[in-house]
Amino acid sequence: MIDPRLRRLRQALQTEGWRIWPALVNPHDHLELNHYPRLRYRPVYDDAHQWGEDVDARLDSIPYAALRTHPLTDQLFIGGLKNLLCGATTVVQHGPLHRPLFAHDYPVRVVRRCAQAHSLHFSTPDEIRRAKRRTPHGGRFYIHLAEGTSARARAEYDQLLSLGCVDERTVIIHGVGLSPAQAQDARQRGVVLVSCPSTNAFLLKAYADLTPWGEAWCLGSDSRLTADGDLLDEAHHLRDQGFYDGDWPALLSERPRRLLGLLPTANDWLVLPPHVTLPRRTDLALVVREGRALFGLPELLRRASVSPELVQLDGQLRALCPQLARRLKACTLSLEGLSFV
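Colleague: How would you sum up the side chain of Asp-167? Please name residues and give values.
Modeller: Along the chain, Asp-167 falls in the loop between α7 (156–162) and β7 (170–174). Among the polar contacts listed, one links the side chain of Asp-167 to the side chain of Lys-132, at a separation of 2.8 Å. Within the structure, the side chain of Asp-167 is placed 2.9 Å from the backbone nitrogen of Arg-169, a separation counted as a polar contact.

So, in structure tokens, the structure goes:
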């Protein structure tokens, strides 16, 4: 239940002219990969499978070898913190649902009610079928699909159909290689698309065609291994490319909750300055998760009865709650753009 003091603070901030948004939902991240630099080994890839093979061949070389030795809990923490600092308090992890993701001090809420397979290239048909069968009631099945412009990427939708794994529970990640007819067929079957445009631009120099999807698509961030920042950076990329400039709280919060069958979280909310229509993470004045003020302007954390730990975020003074600050100080990894004062 929300702290009554925080409810009064929210009402006061609205009276003062601050904007209140629902906290964001990130439908796609690899939470253990956000401490890696953004990497590619060719100017452009025909599909992400080529990129994955390039990376796999270099796992024992710089910088991967050293970065892989950090504790898994620290790798996961950095991914969660990246999301929290951009206002995403609910995240779909595409990868193993490691136990630390559900610890009491983990920065964000990770969706449990889901199933997933990596892709048709890195998962076998039997693995994909088994994963799809394990989709819990009300949950979704997530898979990277058609992530490229090659013939094999364009053929993947029909392959997934032949496996019997395309229905209203299926969520396609990327979908760059889908034809308009395939996208229309998927939409008619109740499929949802998650687009990660900065990753697609970086690796493929191509984007998914969002037009056939209507409102059956949402925006994901991917990890910093391929993406240009966080979910808010992804939204700016989307707008800058002319793909969307509509209701941002709906796209970044309400739509993914509806499409992915996620429960509403009235106690997760953000505070923005009145003039900001699409924020960056340094525009966020307060991030509240489960009725607890976790990050924001020092004076707003104090007004929420939280003792702020001062930090610099992208050159701007901000603050973390003590619990997150302690966890960050104990972490063997750092988050780009974030440091203690």
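Having seen it, we continue.
Colleague: Tell me about the packing of aromatic side chains, and name the residues and values.
Modeller: Taken as a whole and assessed by the stated rule, the structure comprises 4 aromatic pairs. When the ring of Tyr-36 is compared with that of Tyr-64, the centres are 5.7 Å apart and the planes differ by 40 degrees; the resulting orientation is tilted. Taken together, the residues Tyr-36 in the loop between β2 (24–29) and α2 (48–56) and Tyr-64 in helix α3 (residues 64–67) connect sequence positions 28 residues apart. Since its relative accessible area comes to 8%, Tyr-36 is described here as buried. An aromatic cluster of three or more residues is present, and its members are Trp-217, Tyr-244 and Trp-248.

Colleague: Explain the side chain of Asp-230 to me, and be specific about the residues and the numbers.
Modeller: Counting through the fold element by element, Asp-230 comes out in the loop between β9 (217–219) and α10 (231–240). For Asp-230, which is buried and forms no salt bridge, the nearest opposite charge comes from Arg-281, at a distance of 4.4 Å. A polar contact is formed between the side chain of Asp-230 and the backbone nitrogen of Asp-233, at a distance of 2.9 Å. Every residue in contact with Asp-230, bar those within four places of it in the chain, is listed here: Lys-82, Cys-86, Ser-221 and Arg-281.

Colleague: Can you tell me about the nonpolar core, naming the residues and giving the values?
Modeller: In this structure, Ile-128, Trp-213, Trp-248, Leu-252 and Leu-286 are the most contacted members of the largest nonpolar core, which totals 86 residues. When residues of this core are assigned to their parent elements, the largest contribution, 6 residues, is made by helix α4 (residues 72–85). With sequence-adjacent residues up to four places away left out, Leu-252 is seen in contact with Trp-21, Leu-24, Val-25, Leu-219, Leu-231, Leu-232, Ala-235 and Leu-278. Formed by 14 residues, the second largest nonpolar core is a distinct cluster that contains Val-171, Cys-218, Leu-259 and Leu-262.

Colleague: Run through the sheet that holds strand β14 (residues 316–320), naming residues and quoting values.
Modeller: Across the sheet, which stays open at both edges, the 7 strands sit in the order β1-β10-β11-β12-β14-β13-β15 with antiparallel pairing between neighbours. The sheet terminates laterally at β1 (19–22) and β15 (338–340), the two strands that pair on one side only. In this sheet, adjacent strand axes meet at a mean angle of 30 degrees when their direction is disregarded. As defined by bridge partners, strand β11 (residues 286–289) adjoins strand β12 (residues 292–296) across 4 bridges and the pair is classed as antiparallel. Following the sheet pairing, Arg-289 is matched in β12 by Arg-292. Helix α1 (residues 4–15) contacts β1, β10 (269–272), β11 and β12 of the sheet and is inclined by roughly 35 degrees relative to β10.

Colleague: Before we move on, can you summarise the state of the cysteines with the specific residues and values?
Modeller: Across all of its chains, the model carries 0 disulfides by this definition. Here Cys-196 is not disulfide-linked; the sulfur of Cys-218 is the nearest cysteine sulfur, at 9.2 Å. With relative accessibility at 0%, the residue Cys-196 sits in the buried group.

Colleague: Could you give an account of the environment of Pro-136, with specific residues and numbers?
Modeller: Position of Pro-136 among the secondary structure elements: in the loop between α5 (125–133) and β6 (140–145). Apart from the residues lying within four places of it in its own chain, the contact partners of Pro-136 are Arg-113, Cys-114 and Ala-115.

Colleague: Pulling in residues and values, what's your account of the sheet that holds strand β3 (residues 88–93)?
Modeller: Read across the open sheet, the 3 strands follow the order β2-β3-β4; overall the sheet is parallel. In this open sheet, the two strands that pair with only one neighbour each are β2 and β4 (109–110). In the sheet, β2 pairs with β3 via 4 bridges, with the strands oriented parallel. Within β3, the residue paired with Leu-24 across the bridge is Ala-88. Against the sheet, helix α11 (residues 248–260) makes contact with β2, β3 and β4, and its axis sits at roughly 60 degrees relative to β2, the strand it touches most.

Colleague: Quick one: what's the story with the environment of Thr-332, residue by residue and with numbers?
Modeller: With respect to the helices and strands, Thr-332 occurs in the loop between α13 (322–330) and β15. Sequence spacing of Thr-332 and Ile-78 is 254 residues, and the spatial spacing of their C-alpha atoms is 9.8 Å. Those residues in contact with Thr-332, other than ones at most four positions away along the chain, are His-70, Pro-71 and Asp-74. A polar contact is formed between the side chain of Thr-332 and the side chain of His-70, at a distance of 2.9 Å. For Thr-332, the side chain forms a polar contact with the side chain of Asp-74, separated by 2.8 Å.

Colleague: Break down a nonpolar patch on the surface for me, with residues and values.
Modeller: Together, Leu-310, Leu-317 and Val-341 give the surface a local cluster of nonpolar side chains, amounting to about 250 Å² of exposed area. Within the secondary structure, Leu-310 sits in strand β13 (residues 309–313).

Colleague: Can you lay out the pattern of salt bridges for me, pointing to particular residues and giving the numbers?
Modeller: Enumeration over the complete set of coordinates arrives at 19 salt bridges. Two residues, Asp-185 and Arg-189, come together in a salt bridge whose shortest N-O distance is 2.7 Å. Among the charged side chains, a network of salt bridges with common partners joins Arg-109, Asp-268, Arg-289 and Glu-290.

Scoring rules and cut-offs
- Residues numbered from 1 in each chain as written.
- Predicted model: local features only at pLDDT ≥ 70, side-chain atom pairs only at ≥ 80, totals over all residues.
- Heavy atoms only, no water.
- Helix = DSSP H or I, 4+ residues; strand = E, 2+ residues; numbered from the N terminus.
- Polar contact = N/O pair within 3.5 Å; in protein donor to acceptor, adjacent residues only side chain to side chain.
- Phe/Tyr/Trp six-rings, centres within 6.5 Å; stacked < 30°, edge-to-face > 60°.
- Buried < 20%, exposed > 50% of the residue type's maximum accessible area, 1.4 Å probe, protein only.
- Lys, Arg positive; Asp, Glu negative; His and termini not counted.
- Salt bridge = Lys/Arg side-chain N within 4 Å of Asp/Glu carboxyl O.
- Contact = heavy atoms within 4.5 Å.
- Core = buried A, V, L, I, M, F, W, Y, C linked by side-chain atoms within 4.5 Å.
- Pairing = 2+ DSSP bridges.
- Axes fitted to C-alpha atoms, helices over the stretch in contact; angles between N-to-C directions.
- Disulfide = S-S within 2.5 Å.
- Patch = residues over 30% accessible without salt bridge, like charges linked within 9 Å, V, L, I, M, F, W, Y side chains within 5 Å.
- Areas by Shrake-Rupley, 256 points an atom, 1.4 Å probe, with all protein chains shown as cover.

From the geometry alone we can't say anything about function, so treat these as descriptive.
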